[in-house]
Amino acid sequence: MTHTTRSERRAAADRPAVPKWLRILLPAALILTWLTVAGIGGPYFGKVDEVSSNDQTSYLPESADATRVQEMLGDFDDSEAIPALVVFVSDEQLSDEQLSSLAEVMTKVATIDGIGADVSPLIPSEDGLAAQAFVPILSSAEVGDTVAELSAELATAAPEGIETFVTGPAGFTADLVSAFAGIDGLLLGVALLAVLVILLLVYRSFLLPIAVLSTSLFALCAALLTVWWLAKWDILLLSGQTQGILFILVIGAATDYSLLLVARYREALRVENDKWVATMSAIKGSFEPILASGGTVIAGLLCLLLSDLKSNSALGPVASIGIIFAMLSALTLLPAMLFAFGRAAFWPRRPRFEPDVVAAEDGMPDRGLWTKLAHLVQRRPRIIWVATTLVLLIGALGVTQLKADGVAQSELVLGQSEARDGQQALGEHFPGGSGSPALIIVDESEMDDAVTVLLADDGIDGVAVTTEDSPSGSAPVTAEGITPVGPPGTPEPSPTTVDGQVLLRATLTDAADSAAAGQTVTDLRAEFVDAAPSALVGGVTVTAVDTNTASIHDRNLIIPLVLAVITLILMVLLRSVLAPVLLIITTVISFGTAMGVSALVFNGLFQFPGADPAVPLFGFIFLVALGIDYNIFLMTRVREESLQHGTRKGVLRGLAITGGVITSAGLVLAATFTALAVIPILFLVQLAFIVAFGVLLDTFVVRTLLVPALSYDLGRVIWWPSKLSKHAQPENHEPEAP
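Residues numbered from 1 in each chain as written. Predicted model: local features only at pLDDT ≥ 70, side-chain atom pairs only at ≥ 80, totals over all residues. Heavy atoms only, no water.

A. Region of interest: the sheet that holds strand β4 (residues 162-167). With antiparallel pairing, four strands are arranged side by side in an open sheet as β2-β3-β1-β4. Only two strands of the sheet have a single partner each, and these edge strands are β2 (123-124) and β4. Direction of pairing for strand β1 (residues 82-90) relative to strand β3 (residues 130-137): antiparallel, over a ladder of eight bridges. Bridge assignment links F88 to a residue of β3, and that residue is A131. (Pairing = 2+ DSSP bridges. Helix = DSSP H or I, 4+ residues; strand = E, 2+ residues; numbered from the N terminus.)

Structure below.
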């Protein structure tokens, strides 16, 4: 390290000096540019809901039945309203007087802004203990606010002793809107606060945490500005879930990259008196690992573009844009600020200009935790990597307990839910699928055959057809035909036809988001293949079934692809075949352990109802793509040191030198992903635990013990087949001072 540093200083002295005015102008221009971007992008916080959608149907492939049915619904019904289902429940039989009062209540709520005029008549249950009514929520209204006002009005106006609930599609949509409402404020605030606390503990200074946080926040402003307009132009699909992940990913990644660059800057200030030279040295030392790290994450994320599910494929480019700006800010804005602050950035612990001390240290600290760990690895490499591997594999056995085959819509939002309670009350007094029927579009010539199949299924409680001349817009269908709706003598209505097709609404016996309902629609599809080949089945239940199917397909396709892509990138970066393969294997084992432990925690401690099939996929993407970052930070430094000191000594030096910065980076990333848990969405809470636990596992076990011990044990063969693997080096196992 001493000879390298001196030669670098001599080379720098021989080069033409950068003009002083340029040294001032360039950093100032960079800071001004980022301030301008942040000033423009900042106001877009809080506006993402204007260009985002949480409608599951919009994320299915265009060829999916549920998508095609959703697109054709407007041809049968001009209304684009979202149906809410109002449920009244009493412990005693509802009297005629109470039913009359409830009817008046429904007339009153129809005047609320955002509610359509077609509020249905009150429908009593067969047991007389409940009543329900359908309330259309206009698509132009704020669903969350309208449902909240409707719920408050019902609770106030209903007769004493009668419970009221708002459920159905509008009720669950309101739950999602409420859950995601904390993204711009609570999530961002918790993530930034967590990062600030860690940075204060790491640096014990005032200016550095501000500089690093500014780097992360400005990168997020730029990413949000870009993503918002791409979503506005319908180039990208954005959801609350994607937005939350974008925020966390940008803050975590930008902070990690900043930590690496600051560490290099501190090193450079000890051997360079000129802060410009130190800044350039920090950029040079950080550029390759930051670019490799960001490129690896982007490559993994872009593999999601091959997903059938648009919620998966949309995350790829959105998150990649965030990573690009995280890299740009860390390599441009942060160096500019560090140059402006100079050594004062580290106040009150300013690094001294002490090249002689650095030369005596030979570039490696002679004491401290990481030096002690390096000596431990040196003494017992094989025992360490074998033992840690066995422990990780034991933890991975818990994967067999992971239930990732989908969860009911009513379980997506954690905590109290009026919509969930209302659905439960509805199922106790009405068919469970009331308010969320299966929708079947079929040729008119095959209508009778389709109705026969539906009525013969125990999972179907009743069938109705959209009509042009019925007061309610639809009429029940029985084996005898369409039942007139109205006083005796009312003629049989005619079904509404669009291009020779009719729309049937089949009320499910079970709750629309239940596994039993999913099995019912799956069986119906199979029967329609022969009985009514033109039939397309859609609705809430089919959307959930198609989403799970697409998600499982994506998981099985994307995971092997990401492994292959990241392995190739590592081979180019490390100029080796063996090292990347071993790094990938260790990361996959770590991922398996994270998923295994998570499964046990989800089932035993939190008692979650299950997990979405996308949870393992997203967990894999983030843990492998981000977890490999720490191996990149470590092994690029190990390779750099190995070129000067030999592989085994290079491993020890790399571990000792990078230990502090990589651990800090891991803590920051774990803390930022943990912040996702403040959003009460089951998917995000599970992802937060998996990634946070997995990152800590990578940071404190895999990167600290397993990878260094394995690399040290193998010696220079780790670089096979590059020249470095053949270069004569001191490869004995005898303990020696690093």
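B. Examining the packing of helix α6 (residues 168-180) against helix α15 (residues 418-429) more closely. Interaxial distance between α6 and α15 falls to 8 Å at its minimum, and their mutual angle equals 155°. The pairing of α6 with α15 is recorded here as roughly antiparallel in orientation. On α15, the residues that touch G171, F172 and D175 of α6 are A419, R420 and Q423. Class assignment of the residues belonging to the contact of α6 with α15 gives a composition of two nonpolar, two polar and two charged. (Axes fitted to C-alpha atoms, helices over the stretch in contact; angles between N-to-C directions. Parallel < 35°, antiparallel > 145°, perpendicular 65-115°, else oblique. Contact = heavy atoms within 4.5 Å. Nonpolar A, V, L, I, M, F, W, Y, C, P; charged D, E, K, R; others polar.)

C. Main features of the sheet that holds strand β5 (residues 438-443). Reading across from one edge, β8-β7-β6-β9-β5-β10 is the order of the six strands in this open sheet, with antiparallel pairing throughout. Pairing within the sheet leaves two strands with one partner each, and these edge strands are β8 (481-482) and β10 (536-538). Note: strand β7 (residues 474-478) against β8, two bridges, orientation antiparallel. Counterpart to V477 in the pairing with β8 is I482. On the sheet, helix α3 (residues 65-76) packs against β5, β6 (460-466), β9 (501-508) and β10 and is oriented at approximately 90° with respect to β10.

D. Inspection of a nonpolar patch on the surface at higher detail. Residues V577, V581, I585, L714, V717 and W720 make up a contiguous nonpolar surface patch of about 460 Å² in total accessible area. Structurally, W720 is set in the segment after α22 (682-714). (Patch = residues over 30% accessible without salt bridge, like charges linked within 9 Å, V, L, I, M, F, W, Y side chains within 5 Å. Areas by Shrake-Rupley, 256 points an atom, 1.4 Å probe, with all protein chains shown as cover. Salt bridge = Lys/Arg side-chain N within 4 Å of Asp/Glu carboxyl O.)

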